[in-house]
Amino acid sequence: MFSLKQNSWFIRKVVIWRAVASIAWSVLLLPVTTAVFVLLSRFSLFHPIQWISDCTSLLMASSTIFSLVVLCGVVLITGFFNLEFYTLVPSIPCSRMALLGTVLHPRQCVHSLVYCTMGMLVMWCASVTIGGRYSTLGTPCRQSESGEVATCLNEYHLFILLAGAFMGYSHSFLGVVQNMYYVSFQPIQQYKYPRFKGCLLMVVKCSVVQALYSARNFAALYFFFGYIPKTWISSTLNLQIDSSLQSLDSLTGLLDFSLLYHLSISGTFLYLTWYLTVLLFRIYVTEAYSFPVQSTFTEDAEQCLPKVLTEKTTLVMKFLALQDLALLSQHSLSRRLEVFSLSQPGGHPHNWNAISGECLSLLSELTQRLVAHQDAVASNGRVKSPSASSDTRSASSSSSVVSGTEGIAETPRPSVPLRTPGSVFKSSVGGANSALTAPFTPDVNSPFSSPALRRLVGQQDPQSPWSGAVQSPHIMRRGPKLWSASTESQSNGSPLASPAPASVPSPPAANQKPSFLAQWLQNRREQVKSFLAKRVLIVYLFNKLPEASSQALFADSQAHIWALQGLSHLVAASFSEDQFGVVQTTLPNILSSLVVLLEAVDRHFKLPHASSKPVRTICSMGDSTYKTLRFALRAALKTAIYKITTTFGEHLNAVNISTEHRKRLQQFLEFKE
């Protein structure tokens, strides 16, 4: 219990205090951004002295100070949402329907509602700061018939407020579509200030571009539907509509340069406030942290690198530990010696065993994931029987890492039948309960599922041409290698099934017929499914997105890249620094794991869409580095093997590994890879 309390206090100290520091800096930057907004909103080219004096007096006004207090509250809520929604492993939907389900999720709806409210608050502060015709919602006007003074609706103020709500929802929506809450670690470490200064221009540019896009879209939306909120608010608040003024839901009303200018700079101020908070949070959370390799005191053992590497509850701590491992393996001689040291008393390499064991576990899990995905794709999603799965595992284990190597155990393949390739998308660092790494795979039992989707997961429509004999010659060539069946079943074109074991007799067939109601419901369900499967919109929504499976497989590969870098540099450094030979005992296992992973990665890149590079976005705050993680992993894997082979050279011939792996390593020794 004491160690758990210590560990939770340590995590709270590292993660939460970094988030608090990022929020504090965002609040401190508010007066600067507000002053720039005031200067731009009151800009006057022909009266510069009056412009500066008006801006100075406005910055000292009580309304501006109150607006700053409101903006501080907005920044605090934004920082809380950053801490609550951030993820180190992006969520990658496999279809447009899955993406739509994410957008309409109740949690996301609450998020969108809060951001709409915050957008209206920021725009209210902006309208009060601009003043003039934007200052209040109600304005005095004179009725044309009676000539009495009444309170009329100020449509300019309403226009700005509704634009803030629209921009707030756009920000929330793009946060899902562009994975804006995905936090990636930089490959080259920088101090906080140089990194912030380097990203500041990009943040300003993205704020301007997004504000212009949002202003254009909102103006078009208000042109068609602007009369609805205007009529509802005027009737609810008992405000009159001044007919002498030009309505903004018309073409002449929207073609107002002053209105569009103030809308654009207000939107830029809104997005800049949010984007700066997001940027500072990313910078602080991903800052490198140095963990002690070993501790003299027992109560500090939970804070040491070998213990934090096995962290399961807080993903960011595991990533920081792997990042620290990669850095110490390259730049810290004294800490590397601590990794190679022996425990006293006893003389056991506990540090090296824990670190290398966790790294190999990560690499083995990724290999298992890739092999399972390749099997699912090769079999077109058809579920193997348990006997076939056991035969496959026994065949693979006899020809893989275990063969020719003593003491090297291969991670077994998963025996759970695979419904889709998406079922293998589980984070190696997030655990089984991590909802961040699981892609959004559509339900194949839904009446909206298409024949292509059911074919992918192995559930075929009897009316489909895919039912029965396989039509594709490519799948015909793969059939004999993956499946065994009688000649009769192949000639009849029936679905292939593995025979039941001889020792277990099959139960007699039941002569019970389904009831009339059940049969009628089943027929109606099949008719609806067949009807919907022919609709273009349904197929468009449920068709699998290209590259989605490949991106989801490597969504958490930053952890594997650090494991490869740390492991390879430590092994290379042990050639001259390992005085006790602790690395030599695990060197065969390390080399075999790297080669097996390389073979799995090479086979994966031969699949469709796996080697195609994604389209680069022009300007977006969403981090899209996860789309190229598979290429970075392949490069890091080859670099790791080259690092070891160039250091050990011909000494690797004395390492006890299998013949196939030795031949593959020889290609690296000869620089042919």
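Calculation criteria
- Sequence order as written defines the numbering, with residues in each chain counted from 1.
- Whole-chain, interface and lining totals are the exception, using all residues; otherwise, since this is a predicted model, local features are given only for residues with pLDDT of at least 70 and side-chain atom pairs are given and counted only at 80 or more.
- Here the side-chain values reflect all heavy atoms present in the structure, with hydrogen atoms and water set aside.
- Stacked, tilted and edge-to-face are the three classes applied to pairs of Phe, Tyr and Trp rings, where Trp contributes its six-membered ring and a pair requires centres within 6.5 Å; stacked means planes under 30 degrees apart, edge-to-face means over 60, and tilted covers the rest.
- Each helix is a run of H or I in the DSSP string that is no shorter than four residues. Each strand is a run of E no shorter than two, and both are numbered from the N terminus.
- Per-residue accessibility, obtained with a 1.4 Å probe over protein chains only, is compared with the maximum for each type, and a residue is labelled buried under 20%, exposed over 50%, and partly exposed between these values.
- Any Lys NZ or Arg CZ found within 6 Å of a ring centre and within 35 degrees of that ring's normal is scored as a charge over the ring.
- By disulfide we mean two sulfur atoms from cysteines, separated by a distance within 2.5 Å.
- A side-chain nitrogen of Lys or Arg and a carboxyl oxygen of Asp or Glu constitute a salt bridge if their distance falls within 4 Å.

A.B. asks: How do you make sense of the packing of aromatic side chains when you look at a structure like this?
C.D. replies: Pairs of aromatic rings are described using the distance from one ring centre to the other and the angle between the two planes. Counted by the stated rule, this structure contains 30 aromatic pairs. Taking 5.8 Å as the distance between ring centres and 45° as the angle between the ring planes, the aromatic pair formed by Phe166 and Phe218 counts as tilted. Pair noted here: Phe166 is in helix H6 (residues 155-177) and Phe218 is in helix H7 (residues 192-225), with a separation of 52 residues, a long-range link. The buried category is assigned to Phe218, whose relative accessible area is 5%. Judged by centre distance (6.3 Å) and plane angle (55°), the ring pair of Phe340 and Trp352 falls under tilted. Of the two residues, Phe340 sits in helix H13 (residues 333-340) while Trp352 sits in helix H14 (residues 350-378), which places them 12 residues apart along the sequence. For Phe340, a relative accessible area of 2% puts it in the buried group. Residue Trp352 is classed as buried on the basis of its relative accessible area of 0%. Members of the aromatic cluster, joined through ring pairs, are Phe80, Phe81, Phe85, Tyr115, Tyr181, Tyr271, Trp274 and Tyr275. Here the guanidinium or amino end of Arg133 rests over the ring plane of Tyr156, the centre of that ring lying 4.2 Å away.

A.B. asks: Where do I start with the state of the cysteines in this structure?
C.D. replies: Two cysteines, two sulfur atoms, one covalent bond between them: this is a disulfide. Taken as a whole and assessed by the stated rule, the structure comprises 1 disulfide. Two residues, Cys141 and Cys152, share a disulfide whose sulfurs are 1.6 Å apart. Looking down the S-S bond of the Cys141 and Cys152 bridge, the torsion is 50°, so its handedness is right-handed. Of this pair, Cys141 sits in strand S1 (residues 138-142) while Cys152 sits in strand S2 (residues 149-153); the two residues are 11 residues apart in sequence, bridging distant segments of the chain. Cys152 shares its class with Cys141; the two are buried.

A.B. asks: It is not clear to me how the pattern of salt bridges should be interpreted in this structure. Could you clarify?
C.D. replies: A side chain of one charge can pair with a side chain of the opposite charge when the charged atoms of the two come close. Taken as a whole, this structure holds 15 salt bridges when the rule is applied. The partner of Asp249 in a salt bridge is Lys230, and the shortest N-O contact between them spans 3.6 Å. Of this pair, Asp249 sits in the loop between helix H8 (227-236) and helix H9 (251-254) while Lys230 is found in helix H8, placing the two residues 19 residues apart along the sequence. The residues Asp249 and Lys230 share a single accessibility class, namely buried. Note that Glu673 is salt-bridged to Arg664, the shortest N-O span being 2.8 Å. Ionic contacts of the salt-bridge type, sharing partners, join the residues Glu155, Lys230 and Asp249 into one network.

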